[in-house]
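# Reading the structure
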Amino acid sequence: MVQVTLWGSLRDAAEGETVVEVEARNFKQLLEALQARYPGLKPQIERGVSLALDGRVYREAWFTEIGPDSEVVLMPYMKGG
Amino acid sequence: MNKPTDIKTDFKILGTRVARPDGIDKVTGRAQYGADFTLPGMLTGLILRSPHPHATINSIDASEALALPGVKAVVTHDDFAPQDDEFMRDVADNCLARGKALYHGHAVAGVAATDMATARQALKLIRVDYTPLPHVTDVDEAMKPGAPIVQDGRRQENVTGDVSDNTTMYTEFGHGDLEAGFARADHIIERSFRTAATHQGYIEPHACVASMTSDGKADLWCCTQGQFFVRTLCAGIIGMDASQLRVTASEIGGGFGGKTTVFIDPVALALSRKSGRPVKIVMTREEVFRATGPTVSSSSTVKIGMTSDGRITAAHGRFRYQGGAFHCETVSFGAQAAFAAYDLDAVSAEGWNVMTNRPKEAAYRAPGAPMAVYAVESVVDELTQHFGLDPLEVRLKNAAREGTKSSYGPTFDQIGLVATLEAAQKHPHYTAPLGENQGRGVSCGFWFNFGGNTCVSLNVNEDGTIGIIEGNPDIGGSRASISMMAAEELGIPYENVRTIIGDTASLGYNDVTDGSRVTFAVGLATIEAARDAIRKMCGRVAKIWDIDPEAVVWKDGAAHPSGPNAGNFDPMTLAEIAAVASETGGPIAGHYEVNADGAGVSFGVHLADVELDPETGATRVLRYTAFQDAGKAVHPDYVEGQMQGGSAQGIGWALNEEYIYGDDGVLQNAGFLDYRVPVASDLPSIEPVILEIPNPGHPYGVRGVGETSIVPPLAALSNAVSRAAGVRLHELPMSPPKVLAALKG
């Protein structure tokens, strides 16, 4: 199981939790698992999210592997100027 | 995914200050900017803009305009393809209004004529029937229940509470128990702040030439930060295949985020399609102010608790941004960046985006971060004053470092904030004496930095020189830094490498030049493309020597036998290998395509000294020093230029720049005479101090450096002015009337 930290305003879409656990070995599986378990997260995931894995931000990269002890944080889709 | 295991630290070319490849062209006027391009038979395109800040468009009658001799086409939103995607629909609706004009200056129709005078006359002959609607331009007013609604149906599912439907999104980041944290504080300060919308202030207005032929193929030449994204947007809006649209980026006269989208390009394409002739559109400066994308304006409230020895116990920020007449997500970056410099047990940053009848926001250098950090750093400074503590000591005591759980979620790895704070502390600027009416301000700043989609082709020319094609317009010296990294990896002189920016038919998709990504991501791809070419060259040499490819190594620009067992061969230089490429298998090239990850975050610390004129309220910046972690500074001149440029823009934002709206919803200062960017005589010599804490995500340790430098100046200046004035200021810009009012109490 992978522990995923959500940002605070997603709490209501995840049964009041900001840290949730899903079964996933990479980012694609993780996003699919999150939407399946918490349908309320689907609108935000469809609008776009980034993922931070052990402190590094990934904007896409479905097949980035997630280790059992990795820190995974869901973030809004990032852009710059 | 990129995870370099070994970071190179010993360089021959990186870190030197080689001649910039675009220098001669730019100082002699030979460089080709967007407005410099022409084609035979080209028409002049102009845009008709709404005279109302908010109005229903009942009808558009172009018959009189089309009857005017010399007028070849008129287009409206009906000439665009229908859009299913909300993002694309917003971009299209901003390029030409669909049913409603959402801000004063909103594009309503485009005209193409044989000359400028005819096009201007034609604009006057287009009859638009409007029904004016109530408007709102202030973020707090727009958020109130009962405010005029800019667009219906844009409120996202997570917006709750008694706010108007202009409030499109709510976001919150943080961790810990705020109540318990504030209970531990010896003193709590809560303040509200406002910042004005500012423009990127690029010198070159938007310009493009579009040429579409009757068989559906099109070319577009334009000034942009991302020709591939322009292709995506224009092909979608016009309704054509990406393969049939080739976009070529011109030299760019500044962008800073403002050229990451389109305003005129789809209109020019639609006019060209309709007229069958090439069409050129060049914005005036007034149009740039009224109808391109400034940054957001903000209204924020920040509450921080601190112990008497300077430890922050809890921090809570509420940030309300308006990004114009469309939904925008910039507030989420502000909320994430607000407290990133601090290691906090209890923190919460909330953000709301609000629509107003203003132009659609575009990115501006570290979008969303400067105004949030301004509010936070102002309260931190006031707390240090309250306790009589040293501002840098307090920041060091609370500084985020490796292992800190950031305020926006992830745990930091190697970051350079402590090093920049310590460098600022040791710098003579920090202890230099101050005179009467003078004050010194300090601020930290932060930006995320990104990687993204990147393709590079590296061609080994027959004479042993190197040609590189990359897909990101050079807005900050990337052609030099890319050539330097290629030369470093190949072991050849910098002068042997030339990097050009390819059009959209030359390479696979490249993300926009934004997010401080290019030197990091394109550099990474260039190093890998060079390694690909090296592998191929070693393979050719192995065949010549009739040994295994593994027995050939690359060193100092030449292939060598890996050791005595490999055989006794004289090294073959890159030029010697290139000279026999035809005989050994044909042209040699290296390629690399990646969605680059691993861009490290960046921190900066700025010191500002100011002097106030008690008679006029004018602020003079006396001394300014910027400290920033650059990872590895590939070309120090350019890194320093980024630090100085961001500081200068931040100084302008802090002291003078603002979009001023009248009650009529009309921008009152749409020109550089009334919208005052700092000029050289307004600025001191800005001293950049580069720190090099290698980014573990890049083979040479490179971090993005382009955006962080605009984050600290707002608070550094506000803290300096507040200390000089003896009273805290809470609104930007700190123009002379506001400072004078503060001085007079």
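The structure displayed is predicted, hence computed values, not measured ones.

## Observations concerning the overall build of chain B
When helices and strands are tallied, chain B shows 21 helices and 26 strands. For 745 residues, the compact-globule estimate of 2.2 N^0.38 gives 27 Å, and chain B sits close to it at 27 Å. Along the three orthogonal principal directions, the C-alpha set of chain B runs to about 85 × 75 × 50 Å. Counting over 745 residues, chain B shows a buried share of 64%. In the form shown here, chain B has an accessible surface area of approximately 26000 Å², with 49% of it arising from carbon and sulfur atoms. Distance between charge centroids for chain B: 2 Å, based on 62 positive and 89 negative side chains.

## Regarding the packing of aromatic side chains
All names here are of chain B. Scanning the model with the defined rule gives 26 aromatic pairs over all chains in all. Note on Phe11 and Tyr700: the rings are 5.2 Å apart at their centroids and 75 degrees apart in plane angle, and the pair reads as edge-to-face. Highlighted residues: Phe11 in the segment before helix H1 (23-28) and Tyr700 in the loop between strand S26 (686-691) and helix H20 (713-725), separated in sequence by 689 residues. In this pair, the class of Phe11 matches that of Tyr700, namely buried. Taking the centre distance of 5.8 Å and the plane angle of 65 degrees together, the rings of Phe228 and Tyr509 count as edge-to-face. Separated by 281 residues along the polypeptide, Phe228 in helix H7 (residues 227-238) and Tyr509 in the loop between strand S19 (497-501) and helix H16 (518-545) bring together distant segments of the chain. We classify Phe228 as buried; its relative accessible area is 0%.

## As for the packing of helix H19 (residues 636-655) of chain B against H20(B)
Residue and element names in this part refer to chain B. For the pair H19 and H20, interaxial distance at closest approach is 8 Å and the crossing angle is 50 degrees. With respect to H20, the element H19 is oriented oblique. As for the relative orientation of H19 and H20, their crossing is right-handed in sense. Where H19 abuts H20, its residues Gly646, Ser647, Gly650, Ile651, Trp653, Ala654 and Leu655 lie against Pro713, Leu714 and Leu717. Of the residues assigned to the contact of H19 with H20, the class counts are seven nonpolar, three polar and no charged.

## Some words on the sheet that holds strand S4 (residues 56-58) of chain A
Residue and element names in this part refer to chain A. Read across the open sheet, the five strands follow the order S2-S1-S5-S3-S4; overall the sheet is mixed. Taken across any chain shown, the strands that pair with only one partner, and hence form the sheet edges, are strand S2 (19-22) and S4. Taken over all neighbouring pairs, the strand axes of this sheet differ in orientation by 30 degrees on average, direction set aside. Direction of pairing for strand S1 (residues 2-5) relative to S2: antiparallel, over a ladder of four bridges. From the neighbouring strand, Gln3 faces S2, where its bridge partner is Glu21.

## Things to note about the sheet that holds strand S2 (residues 55-61) of chain B
All names here are of chain B. A sheet is described by the order of its strands in space; here three strands give the open sequence S4-S2-S6, paired in antiparallel fashion. In the strand order of this sheet, the two ends are held by strand S4 (100-101) and strand S6 (127-132), each with one partner. Here S2 runs beside S6; their pairing, made up of six bridges, is antiparallel. Of the residues in S6, the one forming a bridge with Asp61 is Arg127.

## Here's the deal with H19(B)
Three- or four-residue spacings in an α-helix give side chains the same orientation, since the helix completes a turn every 3.6 residues. Given a rise of 1.5 Å per residue, 20 residues ought to cover 28 Å, and the 28 Å separating the end C-alpha atoms of H19(B) matches this to within 8%. Burial runs high along H19(B): 16 of the 20 residues are buried.

## Some points on the interface of chain B and chain A
If you look at the interface, chain B gives 46 residues, while chain A gives 27 residues. The junction of chain B with chain A conceals about 2600 Å² of combined surface from both sides, 50% of it contributed by carbon and sulfur atoms. Remark: the boundary between chain B and chain A carries four salt bridges. In this structure, B:Glu157 and A:Arg47 form a salt bridge, with 2.9 Å as the shortest nitrogen-oxygen distance. Here chain B and chain A share nine residue pairs in polar contact (both at pLDDT 80 or more) between them. The set of elements that each furnish at least two residues to the side of chain B that touches chain A consists of strand S7 (167-175), helix H10 (330-337) and strand S17 (452-460) of chain B. The residue makeup of the side of chain B that touches chain A, split by class, is 15 nonpolar, 18 polar and 13 charged.

## Some thoughts on unusual backbone geometry
Residue and element names in this part refer to chain B. Omega for the peptide link from Leu732 to Pro733 comes to 0 degrees, which places this bond in the cis form. Structurally, the position occupied by Pro733 is in the loop between H20 and helix H21 (736-743). Of note in this structure, Arg365 is not a glycine but carries a positive phi near 25 degrees. Structurally, Arg365 is set in the loop between strand S15 (347-354) and helix H11 (369-387). Judged by relative accessible area, Arg365 falls into the buried class, the value being 5%. Non-glycine residue Asp546 carries a positive phi angle of around 60 degrees. Positionally, Asp546 belongs in the loop between H16 and strand S20 (552-555). Judged by its relative accessible area of 70%, Asp546 is exposed.

## Regarding the side chain of B:Thr168
Along the chain, B:Thr168 turns up in strand S7. Non-local contacts of B:Thr168, meaning those with residues more than four positions away in its chain, are made with B:Arg154, B:Arg155, B:Gln156, B:Val159, B:His327, B:Asn353 and B:Met355.

## Some thoughts on the side chain of B:His104
Residue and element names in this part refer to chain B. Looking at the secondary structure, you find His104 in the loop between S4 and strand S5 (107-113). Among the residues examined, His104 registers a relative accessible area of 19% and is labelled buried. Every residue in contact with His104, bar those within four places of it in the chain, is listed here: Ser50, Pro51, His52, Pro53, Arg290, Gly665 and Val666.

## Examining the confidence of the model for chain B
Detailed conclusions should not be drawn from predicted coordinates in areas where pLDDT is low. Overall, the prediction assigns chain B a mean pLDDT of 97, with 99% of residues at 70 or greater. At the level of chain-chain contacts, confidence expressed as ipTM amounts to 0.94, with global pTM at 0.96.

## Side note on empty space enclosed by the protein
What the rule picks out here adds up to eight cavities of 30 Å³ or more. What lines the largest cavity is a set of 18 residues, among which A:Arg56, A:Val57, B:Phe448, B:Asn449 and B:Ala599 lie closest to the centre. Put simply, the parts of the chain that give the lining of the largest cavity at least two residues each are S4 of chain A together with strand S23 (588-596) of chain B. Looking at the lining of the largest cavity, its residues break down into seven nonpolar, seven polar and four charged.

## Things to note about the confidence of the model for chain A
Chain-level pLDDT for chain A is 91 on average; 100% of the residues reach the 70-or-more range. Within chain A, the lowest mean pLDDT, 85, falls on S4(A), and the highest, 95, falls on helix H1 (residues 27-37) of chain A.

## Notes on H21(B)
Residues and elements named next belong to chain B. Of all the positions in H21, only Val739, Leu740 and Ala742 are classed as buried. Buried residues of H21, viewed axially, fall in a sector of 160 degrees; they line one side. Of the surrounding secondary structure, the elements contacted by the buried residues of H21 are strand S24 (602-612), strand S25 (619-629) and H20. Gly745 sits one or two positions beyond H21 and adopts a positive phi of about 70 degrees.

The rules behind each value
- Residues numbered from 1 in each chain as written.
- Chains lettered and ligands numbered in written order.
- Predicted model: local features only at pLDDT ≥ 70, side-chain atom pairs only at ≥ 80, totals over all residues.
- Heavy atoms only, no water.
- Helix = DSSP H or I, 4+ residues; strand = E, 2+ residues; numbered from the N terminus.
- Rg over C-alpha atoms; globule rule 2.2 N^0.38 Å.
- Buried < 20%, exposed > 50% of the residue type's maximum accessible area, 1.4 Å probe, protein only.
- Areas by Shrake-Rupley, 256 points an atom, 1.4 Å probe, with all protein chains shown as cover.
- Lys, Arg positive; Asp, Glu negative; His and termini not counted.
- Charge placed at Lys NZ, Arg CZ, Asp CG, Glu CD.
- Phe/Tyr/Trp six-rings, centres within 6.5 Å; stacked < 30°, edge-to-face > 60°.
- Axes fitted to C-alpha atoms, helices over the stretch in contact; angles between N-to-C directions.
- Parallel < 35°, antiparallel > 145°, perpendicular 65-115°, else oblique.
- Left-handed = near helix turned anticlockwise from the far one by under 90°.
- Contact = heavy atoms within 4.5 Å.
- Nonpolar A, V, L, I, M, F, W, Y, C, P; charged D, E, K, R; others polar.
- Pairing = 2+ DSSP bridges.
- Expected span 1.5 Å × (residues − 1).
- Buried area = accessible area lost by both parts, 1.4 Å probe.
- Salt bridge = Lys/Arg side-chain N within 4 Å of Asp/Glu carboxyl O.
- Polar contact = N/O pair within 3.5 Å; in protein donor to acceptor, adjacent residues only side chain to side chain.
- pLDDT = per-residue confidence, 0-100.
- 1 Å grid on protein atoms, 1.4 Å probe; cavity = no way out; pocket = protein on both sides within 12 Å on 5 of 7 lines; lining within 4 Å.
- Points joined across faces, edges and corners; volume = space filled by probe spheres on them.
- Arc of directions from axis to C-beta.

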